[in-house]
Amino acid sequence: MTSLPLVFDAPRRALPPRHLADLDPAERRAAVAELGLPGFRADQVARHYFGRFTADVDAMTDLSPAARDVLRPLLPELVTPVLEQACDDGATRKTLWKGHDGTRAESVLMGYPDRATVCVSSQAGCGMACPFCATGQGGLERNMSTGEIVEQVRQAAAAARDGALGAPARLSNVVFMGMGEPLANYKRVVAALRRITSPAPDGLGISARGVTVSTVGLVPAIDKLAAEGLPVTLAVSLHTPDDELRDTLVPVNNRWKVDEVLDAARRYAMTTGRRVSIEYALIRDVNDHPWRADLLGKKLAQRIGKHRVHVNLIPLNPTPGSEWDASPRRVQDEFVRRVEAAGVACTVRDTRGREIAAACGQLAASEA
Ligand code: SF4
């Protein structure tokens, strides 16, 4: 019998200080007024922060030195890079961040011919305890604040603009697939989604169509997200279509079963008009059997609808010393063929960052 998931693990640490990016436009104006400055100063700072990706108050030279000093507490340094690694000829850059209290989280910036994507963390650690995942082994440290999540995106946008990927690029995509279960940190993640997708000066102006939120399947939170009016893509980490194996592979399945999760995914697709992505880490001799591919295709077609879903197969990036391994190529090809035979689109995700341990949580784990 599998123990119950650690979904409701109490975070062990406190959140960081308040930051401009935690606040919506009205709260920003109120915070600036509390500091004794007129409300329009809030828009001025926001234009620098969201519009020009500047967090250094001293670079905001249209503000007087006195005003800059007053506003400084609204821009505390939330995440500091402690380790940066590049691979794929510089087109993939991974950053390990340290929070104000020493907690670690990571993000990965990836350049493609037609876009630049950042993969961000939403929690330090994770309480979902998936046995094949390095982050899951350490449990949940704490939730990340809205500001800490937005800071990962802002810094990635500034780095891409400044040529970190080679040529200057515009950050167009954000995926919540780093450390943590985004929907277990719901309120802060949704606030971050609003900051990321609102046009400047209220936000970073990235199209909601370019933003993906992944989840292991927290059904009530999926329904809540559908009602937010934020047409971001939902990615469900399914990893197997049968409850028996999923109860172990994704322990939250003890709470919400495969069919309940797929029904929530259908409701999400119907409400938002966005095609749902099904994430499936293919693990040798664990979940890569032909019958599982057939069952996956059948269930997705029946419960979500062929045209409302897409399967993203992820060749497993084994963690050092782990018993889990990636499936052989021919097994992977057969899996794709069988899912497609059910009329469901299925692609193999490109394995960016393999050589820098870019599976979720691995850089933090190896650095620790
Ligand atoms: S795979 Fe994702 S949800 Fe599962 S433990 Fe790792 S970070 Fe958490």
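Cut-offs applied
- Residues numbered from 1 in each chain as written.
- Predicted model: local features only at pLDDT ≥ 70, side-chain atom pairs only at ≥ 80, totals over all residues.
- Heavy atoms only, no water.
- Helix = DSSP H or I, 4+ residues; strand = E, 2+ residues; numbered from the N terminus.
- Rg over C-alpha atoms; globule rule 2.2 N^0.38 Å.
- Contact = heavy atoms within 4.5 Å.
- Areas by Shrake-Rupley, 256 points an atom, 1.4 Å probe, with all protein chains shown as cover.
- Axes fitted to C-alpha atoms, helices over the stretch in contact; angles between N-to-C directions.
- Parallel < 35°, antiparallel > 145°, perpendicular 65-115°, else oblique.
- Nonpolar A, V, L, I, M, F, W, Y, C, P; charged D, E, K, R; others polar.
- Core = buried A, V, L, I, M, F, W, Y, C linked by side-chain atoms within 4.5 Å.
- Buried < 20%, exposed > 50% of the residue type's maximum accessible area, 1.4 Å probe, protein only.
- Domains from an automatic or database assignment.
- Expected span 1.5 Å × (residues − 1).
- Polar contact = N/O pair within 3.5 Å; in protein donor to acceptor, adjacent residues only side chain to side chain.
- Salt bridge = Lys/Arg side-chain N within 4 Å of Asp/Glu carboxyl O.

To continue, consider the overall build of the protein chain. Scanning the protein chain for helices and strands turns up 12 helices and 12 strands. In summary, the protein chain has a C-alpha radius of gyration of 21 Å against a globular reference of 21 Å for 368 residues, a match within 12%. Projecting the C-alpha coordinates of the protein chain onto the three principal axes gives extents of approximately 70 × 40 × 40 Å. A separation threshold of at least 6 residues defines the contact pool for the protein chain, and within that pool the share at least 24 residues apart is 69%. As displayed, the protein chain has an accessible area near 15,100 Å², and 51% of this comes from carbon and sulfur atoms.

Their axes nearest at 9 Å, the elements helix H7 (residues 219-226) and helix H9 (residues 258-272) cross at an angle of 5°. Considering their axes alone, H7 and H9 lie roughly parallel with respect to each other. Residues Val-219, Ile-222, Asp-223, Leu-225 and Ala-226 of H7 pack against Glu-260, Val-261, Ala-264, Arg-267, Tyr-268, Thr-271 and Thr-272 of H9. In terms of residue class, the contact of H7 with H9 is built from 7 nonpolar, 2 polar and 3 charged.

Formed by 99 residues in total, the largest nonpolar core has its most connected members in Leu-171, Val-174, Phe-176, Leu-225, Ile-278 and Val-311. Counting only domains with at least three residues in this core, you end up with domain 1 (20-74) and domain 2 (80-367).

With that out of the way, let us pick up helix H5 (residues 146-161). An ideal rise of 1.5 Å per residue puts 22 Å on 16 residues; H5 measures up with 23 Å between its terminal C-alpha atoms. Backbone geometry just downstream of H5 places Gly-163 in the positive-phi region, at approximately 90°.

Relative to the assigned elements, Arg-72 resides in the loop between helix H3 (65-71) and strand E1 (80-87). Relative accessible area serves as the criterion here: at 33%, Arg-72 is assigned to the partly exposed category. Between the C-alpha atoms of Arg-72 and Gly-111, which are 39 residues apart in sequence, the distance is 33 Å. Excluding its chain neighbours within four sequence positions, the residues that come into contact with Arg-72 are Val-57 and Asp-58. Looking at Arg-72, its side chain comes within polar contact range of the side chain of Asp-58, at 3.2 Å.

So, on to the pattern of salt bridges. Applying the stated criterion to the full structure yields 25 salt bridges. The salt bridge involving Glu-334 is made with Arg-338; its shortest N-O contact spans 2.8 Å. Taken together, the residues span about one helical turn, with Glu-334 and Arg-338 both in helix H11 (residues 329-341) at a distance of 4 residues. A relative accessible area of 26% means that Glu-334 is categorised as partly exposed. Members of the salt-bridge network, linked through shared partners, are Asp-259, Asp-263, Arg-266, Lys-299 and Arg-303.

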